[in-house]
Amino acid sequence: MTKKIIIFLILMVSNLGISQDLNTYKYAIVPSKFSFLKEKDQYRLNTLTKMFMEKYGFVTFFDTDILPVEVAEYNCNTIFVDVQNVSSLLSTKMIVVLKDCRNTILLTSVQGKSKEKEYHSAYNQALREALNSLDLKNHNFQEDIGRKKPVLMADETFLETTKKPNINFDDTKKNALNESEKLFAKPLGSNLFQLLTNDTNIPRLILTIAKTNNPSIFIVQEAMKQGVVYKKDSEWFLDFYENEKLVSQKLNIINFN
């Protein structure tokens, strides 16, 4: 019964991630200077792009900004925005490309075009047309998590997990976690928490988790890991599937009741 419930929860999380598309990305980074320009923010094109991403709910930074820990240490919840000049002799043409942390293209705009002769007007008109063709109007990172999360009911059989081997996390965003390492839960808005190391000079991000209707169960919000964090007998555990096997890790979260 325990395995069936956990499988059900993780499958729901997986389906949620697929349906969210770009809603799984909270941040966006825009270059302070596009490759076809000579100066930073020339013709205000970089600012225009940044303002567009912010309009549709992305927490957006220039690549020259000081980044928060979550973005600097783990950028796979971030979209990277690039604008490319594909102009011809007769018209100014631009496209906008959105990529993930692996340089995979997530979305490409249509060609924005302008026949204005003055650079400032032509670039701005073409870029606006390209940006507006991106279908980002439904992006709503925080609200989508709260609205689409599955309704979970407390079930004692779900909490009856057996001890499984410890997990060695991928070092692309964190070091291996051991059961004695103390973690601090930092709120991110009303629905999310970051689990950060408490005893290190610079906190390391271990997991990002989202609330459910059960205060003892949280959904893992990771691009490469789907699972649940839950409380059993005043202790916290992480369960997820790896290579079709259920693994479990005890978590020492010091500020959760």
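Refer to the structure above for everything that follows.
So, here's what we can say about the structure. (Residues numbered from 1 in each chain as written. Predicted model: local features only at pLDDT ≥ 70, side-chain atom pairs only at ≥ 80, totals over all residues. Heavy atoms only, no water.)

1. Observations concerning the overall build of the protein
The helix and strand inventory of the protein stands at six helices and 13 strands. Residues classed as buried in the protein amount to 47% of the 257 residues present. In the protein, 53% of the contacts between residues at least 6 apart in sequence involve partners at least 24 apart. Just so you have it, the protein exposes about 13,700 Å², and 52% of that area is on carbon and sulfur atoms. (Helix = DSSP H or I, 4+ residues; strand = E, 2+ residues; numbered from the N terminus. Buried < 20%, exposed > 50% of the residue type's maximum accessible area, 1.4 Å probe, protein only. Contact = heavy atoms within 4.5 Å. Areas by Shrake-Rupley, 256 points an atom, 1.4 Å probe, with all protein chains shown as cover.)

2. Let's talk about the packing of helix H2 (residues 45-55) against helix H4 (residues 119-132)
For any two helices packed against each other, the geometry is given by the interaxial angle and the distance between the axes. It is at 11 Å that the axes of H2 and H4 come closest, and there the two elements cross at 20°. In terms of their interaxial angle, H2 and H4 are classed as roughly parallel. Relative to H4, H2 is oriented so that their crossing is right-handed. Where H2 approaches H4, its residues Leu45, Leu48, Thr49 and Phe52 are matched on the opposing element by Tyr123, Asn124, Leu127, Arg128, Leu131 and Asn132. Here the contact of H2 with H4 is built from residues that sort into six nonpolar, three polar and one charged. (Axes fitted to C-alpha atoms, helices over the stretch in contact; angles between N-to-C directions. Parallel < 35°, antiparallel > 145°, perpendicular 65-115°, else oblique. Left-handed = near helix turned anticlockwise from the far one by under 90°. Nonpolar A, V, L, I, M, F, W, Y, C, P; charged D, E, K, R; others polar.)

3. Some words on the nonpolar core
Within the largest apolar cluster, 26 residues are counted, with the highest numbers of intra-cluster contacts made by Met53, Val81, Val96, Leu98, Leu127 and Leu136. Elements with a minimum of two residues in this core: strand E1 (27-30), H2, strand E3 (78-85), strand E4 (92-99) and H4. In terms of residues, this core owes the most to one element, H4, which gives five residues. Excluding its chain neighbours within four sequence positions, the residues that come into contact with Leu98 are Leu22, Met53, Ile79, Phe80, Val81, Thr104, Ile105, Leu106, Leu107, Leu134 and Leu136. In terms of nonpolar packing, the next biggest core, distinct from the first, is built from 17 residues, Leu183, Leu195, Ile206 and Leu251 among them. (Core = buried A, V, L, I, M, F, W, Y, C linked by side-chain atoms within 4.5 Å.)

4. A look at the state of the cysteines
With the rule as written, the count across this model stands at one disulfide. Disulfide pairing places Cys76 opposite Cys101 at an S-S distance of 1.9 Å. One disulfide, between Cys76 and Cys101, carries an S-S torsion of 85° and so falls in the right-handed class. One end of the pair, Cys76, is in the loop between helix H3 (69-73) and E3; the other, Cys101, is in the loop between E4 and strand E5 (105-108), and 25 residues separate them in sequence. (Disulfide = S-S within 2.5 Å.)

5. Examining the packing of aromatic side chains
Following the criterion strictly, the structure yields 10 aromatic pairs and no others. By the ring-pair criterion, three or more aromatic residues cluster together here, those being Phe34, Phe36, Tyr43, Tyr119 and Tyr123. A cation over a ring is seen here: Lys50 above Phe62, with NZ or CZ 5.7 Å from the ring centre. (Phe/Tyr/Trp six-rings, centres within 6.5 Å; stacked < 30°, edge-to-face > 60°. Lys NZ or Arg CZ within 6 Å of the ring centre and 35° of its normal.)

6. Quick look at the environment of Ile105
Note on placement: Ile105 falls in strand E5. Along the primary structure Ile105 and Ile79 are separated by 26 residues, whereas in three dimensions their C-alpha atoms are 9.7 Å apart. Leaving out residues up to four positions away in the same chain, Ile105 has contacts with Val97, Leu98 and Lys99.

7. A short note on the pairing of strand E7 (residues 182-188)
As paired strands, E7 and strand E13 (residues 245-253) are joined by two bridges and run parallel to one another. For Lys182, the partnering residue across the bridge sits in E13 and is Asn252. Summarising the sheet, E7 and strand E8 (residues 192-197) pair through six bridges and their orientation is antiparallel. Directly across from Lys186, in E8, lies its bridge partner Gln194. (Pairing = 2+ DSSP bridges.)

8. Let's talk about the sheet that holds E8
Read around the closed barrel, the seven strands follow the order E7-E8-E9-E10-E11-E12-E13; overall the barrel is mixed. With strand direction ignored, the average angle separating the axes of adjacent strands in the sheet is 40°.

Honestly, it's all geometry; don't read function into it.
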